[in-house]
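Given next are the chains, with one letter for each unit.
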Amino acid sequence: MEKFVFYDEMDSPVGPLTLCATEAGLCLIKFGTFGDTASGIGQWIKGQMGQVKLHQDSSRLSEAVQQLEAYFAGELRGFSLPLDMRGTVFQRQVWEALCTVPYAGSASYKDIASLIGNPQAVRAVGGANNRNPVPVIVPCHRIIGSSGALVGYAGGLGIKSRLLQLEAEHGMADGMGAYLF
């Protein structure tokens, strides 16, 4: 039986996004159009799933698009999408911890390492954060350096800064101040 990964594109305040999903759920978000990210998507899929066919299907990704649009509009604080997270046990543990960092808040890599019960794993947490396959949904953009500085982001620091700015603006409009985790 042939296996498929379905994809679609959407526009966002941080530029185009390409979303990918399996039958089980959303598995990958790339910053950029499908044309710009197809090679990276293909490599990721091959490494995680082997031989799989890509198929554009906006209906399979419509709920993810709707929730992302609501998030970018400041109408959604957390996502309720089925995810098909592919990674090591440690990576999935880090990604789960990232989801506890509240909207318009932030935490350091050290905070996440402590949260998962491995306070010495700060660098490994950074590596797992960088490999998060579904940025925005799993809010790796909320992780900052211990000094409070913006550090590392797979989509680039400009996108990270914009996502934090959007959350701060929408949070402030609701009377919700930005705070550290």
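Residues numbered from 1 in each chain as written. Predicted model: local features only at pLDDT ≥ 70, side-chain atom pairs only at ≥ 80, totals over all residues. Heavy atoms only, no water.

Some words on the packing of aromatic side chains
Right, on to step 1. Throughout the structure, instances matching the rule amount to six aromatic pairs.
Right, on to step 2. With a centroid separation of 6.1 Å and an interplanar angle of 20°, the aromatic rings of Phe 4 and Phe 6 are classed as stacked.
Right, on to step 3. The exposure class assigned to Phe 4 is partly exposed, which follows from its relative accessible area of 31%.
Right, on to step 4. Look at Tyr 71 and Tyr 103: their rings are 6.2 Å apart centre to centre, the planes differ by 85°, and that puts the pair in the edge-to-face class. (Phe/Tyr/Trp six-rings, centres within 6.5 Å; stacked < 30°, edge-to-face > 60°. Buried < 20%, exposed > 50% of the residue type's maximum accessible area, 1.4 Å probe, protein only.)

Concerning the side chain of Asp 57
Right, on to step 1. Here Asp 57 shows up in the loop between strand E4 (53–56) and helix H2 (62–72).
Right, on to step 2. Among the residues examined, Asp 57 registers a relative accessible area of 16% and is labelled buried. (Helix = DSSP H or I, 4+ residues; strand = E, 2+ residues; numbered from the N terminus.)

Brief notes about the environment of Ser 108
Right, on to step 1. As for its placement among the helices and strands, Ser 108 is situated in strand E5 (residues 105–108).
Right, on to step 2. On a C-alpha basis, the gap between Ser 108 and Lys 160 in space is 14 Å, while along the polypeptide they are 52 residues apart.
Right, on to step 3. Beyond its immediate sequence surroundings of up to four residues, Ser 108 is in contact with Ile 143, Ile 144, Gly 145 and Ser 146. (Contact = heavy atoms within 4.5 Å.)

Here we look at the nonpolar core
Right, on to step 1. With 41 residues, the main nonpolar core has Leu 19, Leu 26, Phe 72 and Ile 112 as its most contacted residues.
Right, on to step 2. Looking at this core, the elements with two or more residues in it are strand E2 (17–21), strand E3 (26–31), H2, helix H3 (89–98), helix H4 (109–115), helix H5 (122–130) and helix H6 (157–173).
Right, on to step 3. Per-element tally for this core: the top contributor is H2, with six residues.
Right, on to step 4. Once residues lying within four places of it in the same chain are set aside, the contact partners of Leu 26 are Leu 19, Cys 20, Ala 21, Leu 61, Ala 64, Leu 81, Pro 82, Leu 83, Asp 84, Val 134 and Ile 137.
Right, on to step 5. Among the nonpolar cores identified, the runner-up in size contains eleven residues, and Val 5, Cys 27, Phe 34 and Trp 44 belong to it. (Core = buried A, V, L, I, M, F, W, Y, C linked by side-chain atoms within 4.5 Å.)

Remarks on the UniProt feature "active site" (unreviewed entry) in the protein chain
Right, on to step 1. Under the UniProt annotation, the feature "active site" (unreviewed entry) is placed at Cys 140.
Right, on to step 2. Once residues within four sequence positions are removed from consideration, Cys 140 is found in contact with Leu 98, Asn 129, Asn 132, Pro 135, Tyr 153 and Lys 160. (UniProt positions renumbered as here; feature names shortened; annotations may be inferred.)

Some words on a negative patch on the surface
Right, on to step 1. Taken together, the side chains of Glu 9, Asp 11, Asp 36 and Glu 69 define an acidic patch exposed on the protein surface.
Right, on to step 2. Among the secondary structure elements, Glu 9 is positioned in strand E1 (residues 4–10). (Patch = residues over 30% accessible without salt bridge, like charges linked within 9 Å, V, L, I, M, F, W, Y side chains within 5 Å. Areas by Shrake-Rupley, 256 points an atom, 1.4 Å probe, with all protein chains shown as cover. Salt bridge = Lys/Arg side-chain N within 4 Å of Asp/Glu carboxyl O. Lys, Arg positive; Asp, Glu negative; His and termini not counted. Charge placed at Lys NZ, Arg CZ, Asp CG, Glu CD.)

Structural notes on the sheet that holds E3
The pairing of strands in a sheet happens through backbone hydrogen bonds and is either parallel or antiparallel.
Right, on to step 1. Spatial strand order, E3-E2-E1-E4: four strands in an open sheet with mixed pairing. Strands with a single pairing partner mark the edges of an open sheet, and in this sheet they are E3 and E4. Across the sheet, the mean angle from the axis of one strand to that of its neighbour is 25°, orientation sign disregarded.
Right, on to step 2. Looking at chain direction, E1 and E2 are connected through five bridges and run antiparallel. (Pairing = 2+ DSSP bridges. Axes fitted to C-alpha atoms, helices over the stretch in contact; angles between N-to-C directions.)

Re H2
Right, on to step 1. Residues of H2 that are buried: Ala 64, Val 65, Gln 67, Leu 68, Ala 70, Tyr 71 and Phe 72.
Right, on to step 2. In the stretch just after H2, Gly 74 is the one whose phi turns positive, near 80°.

Regarding the pairing of E2
In the case of a regular strand, side chains alternate between the two sheet surfaces.
Right, on to step 1. In terms of burial, E2 is a largely internal element, five of the five residues being buried.
Right, on to step 2. Going residue by residue along E2, you find Leu 17, Leu 19 and Ala 21 tucked away on one face and Thr 18 and Cys 20 tucked away on the opposite face as well.
Right, on to step 3. Between the end of E1 and the start of E2, which pair antiparallel, lie six residues, with Gly 15 showing a positive phi angle near 105°.
Right, on to step 4. In this sheet, E3 lies alongside E2 in antiparallel orientation, the contact comprising five bridges. Pairing of Thr 18 across the sheet is with Lys 30, part of E3.
Right, on to step 5. Counting the residues between successive antiparallel strands, the hairpin from E2 to E3 contains four residues, one of them, Gly 25, with a positive phi of roughly 155°.

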